[in-house]
Amino acid sequence: MVPEIRQAAHIGFCMGVRRAVDTVTQVAQQHGGVETLGALVHNQQVLGKLSGCGVRIIDSAAEIQGDTVVISAHGVGPQVTAELEARGLNVIDTTCAFVRRAQVAARRLSSAGFYTIVYGDGEHPEVRGILGWADGKGMATLDAAALRNIQDMPRKLGLLSQTTQIPQAFAAFVKEVVDIALVKDAEIHVIDTLCHDIRRRQTDTLEMADGSDIVFVIGGRNSANTKHLLELCATVAHVYQIETASDIDPLWLCGKKKIGVTAGASTDDATIDDVMLRLRALTDV
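Since the model is a prediction, treat every value here as computed from it, not as a measurement.

### Let's talk about the environment of Arg221
Right, on to step 1. Tracing the backbone through its elements, the reader meets Arg221 in the loop between strand S10 (214-218) and helix H8 (224-233).
Right, on to step 2. By relative accessible area, Arg221 is classed as exposed at 51%.
Right, on to step 3. Along the backbone, Arg221 and Ile242 are 21 residues apart, and their C-alpha atoms lie at a distance of 8.3 Å.
Right, on to step 4. Residues contacting Arg221, with those up to four places away along its chain left out, are Gln241, Ile242, Glu243 and Asp247.
Right, on to step 5. Within polar-contact distance, the side chain of Arg221 engages the backbone oxygen of Gln241 at 3.0 Å.

### Describing unusual backbone geometry
Right, on to step 1. The phi dihedral of Asp135 is positive, around 60°, even though this residue is not glycine.
Right, on to step 2. In this structure, Asp135 sits in the loop between helix H5 (125-133) and strand S7 (138-141).
Right, on to step 3. The phi torsion at Asp152 lies on the positive side, around 55°, for a residue other than glycine.
Right, on to step 4. Exposure remark for Asp152: the relative accessible area of 74% places this residue in the exposed category.

### Digging into the side chain of Thr36
Right, on to step 1. Here Thr36 lies in strand S2 (residues 34-37).
Right, on to step 2. On the accessibility criterion, Thr36 (1% relative accessible area) is buried.

### As for the sheet that holds strand S3 (residues 55-58)
Right, on to step 1. What the four strands build is an open sheet, ordered S3-S2-S4-S5; its pairing is parallel. Among the strands making up the open sheet, the edge pair consists of S3 and strand S5 (90-93). Adjacent strand axes in the sheet meet at a mean angle of 30° when their direction is disregarded.
Right, on to step 2. Alignment of S2 against strand S4 (residues 68-71), held across three bridges, turns out to be parallel. The residue bridging Thr36 from the neighbouring strand is Val70, located in S4.
Right, on to step 3. On the sheet, helix H3 (residues 78-86) packs against S2, S4 and S5 and is oriented at approximately 170° with respect to S4.

### A word on the pattern of salt bridges
Right, on to step 1. In total, this model carries eight salt bridges according to the counting rule given.
Right, on to step 2. Salt-bridge contacts for Asp268 lead to Lys49; the nearest nitrogen and oxygen are separated by 2.3 Å. Residue Asp268 is located in the loop between strand S12 (258-263) and helix H9 (269-283), and its partner Lys49 is located in helix H2 (residues 44-52); the two are separated by 219 residues in the primary sequence.
Right, on to step 3. The salt bridge involving Glu243 is made with Arg221; its shortest N-O contact spans 4.0 Å. Of the two residues, Glu243 sits in the loop between strand S11 (238-242) and S12 while Arg221 sits in the loop between S10 and H8, which places them 22 residues apart along the sequence.
Right, on to step 4. Because the salt bridges share partners, they merge into one network encompassing Asp197, Arg200 and Arg201.

### Remarks on the nonpolar core
Right, on to step 1. Core analysis: the largest hydrophobic core is formed by 24 residues, its most contacted members being Val21, Val24, Val34, Leu40 and Leu50.
Right, on to step 2. Of all the secondary-structure elements, those providing two or more residues to this core are helix H1 (15-31), H2 and helix H4 (97-111).
Right, on to step 3. Among the elements that line this core, the one with the most residues is H1, at six residues.
Right, on to step 4. Once residues lying within four places of it in the same chain are set aside, the contact partners of Val24 are Val34, Thr36, Leu40, Leu50, Val55 and Val70.
Right, on to step 5. Ile218, Ile259, Val261 and Ile272 belong to the second largest nonpolar core, which has 15 residues in total.

### Let's talk about the sheet that holds S7
Right, on to step 1. Strands sit in the order S7-S6-S8-S9 across an open sheet of four strands; the sheet is parallel. Only two strands of the sheet have a single neighbouring strand rather than two, namely S7 and strand S9 (187-190). Along the sheet, successive strands turn relative to each other by an average axial angle of 20°, direction set aside.
Right, on to step 2. As defined by bridge partners, strand S6 (residues 115-119) adjoins S7 across four bridges and the pair is classed as parallel. Of the residues in S7, the one forming a bridge with Tyr119 is Thr141.
Right, on to step 3. Most of the contacts of H4 go to strand S8 (residues 156-161), to which it runs at about 175°, and overall it touches S6, S8 and S9.
Right, on to step 4. Here helix H6 (residues 167-181) sits on the sheet in contact with S6, S7, S8 and S9, set at roughly 165° to S8.

What counts, and where the lines are drawn
Residues numbered from 1 in each chain as written. Predicted model: local features only at pLDDT ≥ 70, side-chain atom pairs only at ≥ 80, totals over all residues. Heavy atoms only, no water. Helix = DSSP H or I, 4+ residues; strand = E, 2+ residues; numbered from the N terminus. Buried < 20%, exposed > 50% of the residue type's maximum accessible area, 1.4 Å probe, protein only. Contact = heavy atoms within 4.5 Å. Polar contact = N/O pair within 3.5 Å; in protein donor to acceptor, adjacent residues only side chain to side chain. Pairing = 2+ DSSP bridges. Axes fitted to C-alpha atoms, helices over the stretch in contact; angles between N-to-C directions. Salt bridge = Lys/Arg side-chain N within 4 Å of Asp/Glu carboxyl O. Core = buried A, V, L, I, M, F, W, Y, C linked by side-chain atoms within 4.5 Å.

In structure tokens form, the structure reads like this:
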């Protein structure tokens, strides 16, 4: 019996990543190359292809050599944008629309006197950018208990989430914060800044993974949304994260009848197709 190979319903580039990749590719062609402030997306295969088009990654404004710079889909804080514009650079902003929504929410909370707490990885560029819009009045954490370390807990707290987090995890975090911070005269404002496209992909992936003997999650090792797909699949199936088809060990497939495949939002179609071809070749009996 030939094993069944199933893909999640929504897989590959999300709208924001596709827009960013298309934009920077076009700009690189027009300018004979271009620099991006930070990695455009967290996927080595995509970055490798962009490098072949003349796209160069820089880590800071001080490294900019040309007159045009691209802001990645993860976004930046307003201070960074102001610095780039003050230097007279042509700034091309590919910030994802959902990330932009979170940035606007952080700015509004800060303007209204709220201390902004972002549920997310404080080292991720998206989260650093969102906090930049909170004008320094905020923090990022994945552990609500960290609030206990804040001296003179602010009475007004605004809660946001990194766009790619798992909704159930954010909801649990909000509940913990309420339990810790709901004191006399406290005001807690929760804003849903989760990406609805990512939310749908997580739901579709979990439905696909349920009943699978093994699931392959294709995506970059430092991709936040890929990591969360991995976490979800691990609750119902045996799961492996891979970056390319060559990462698949044929021994993993022994005795497996239902094989699931999903991919992070920055994984390109060519990489997914290669994985599917290799799985079909390895399971063709």
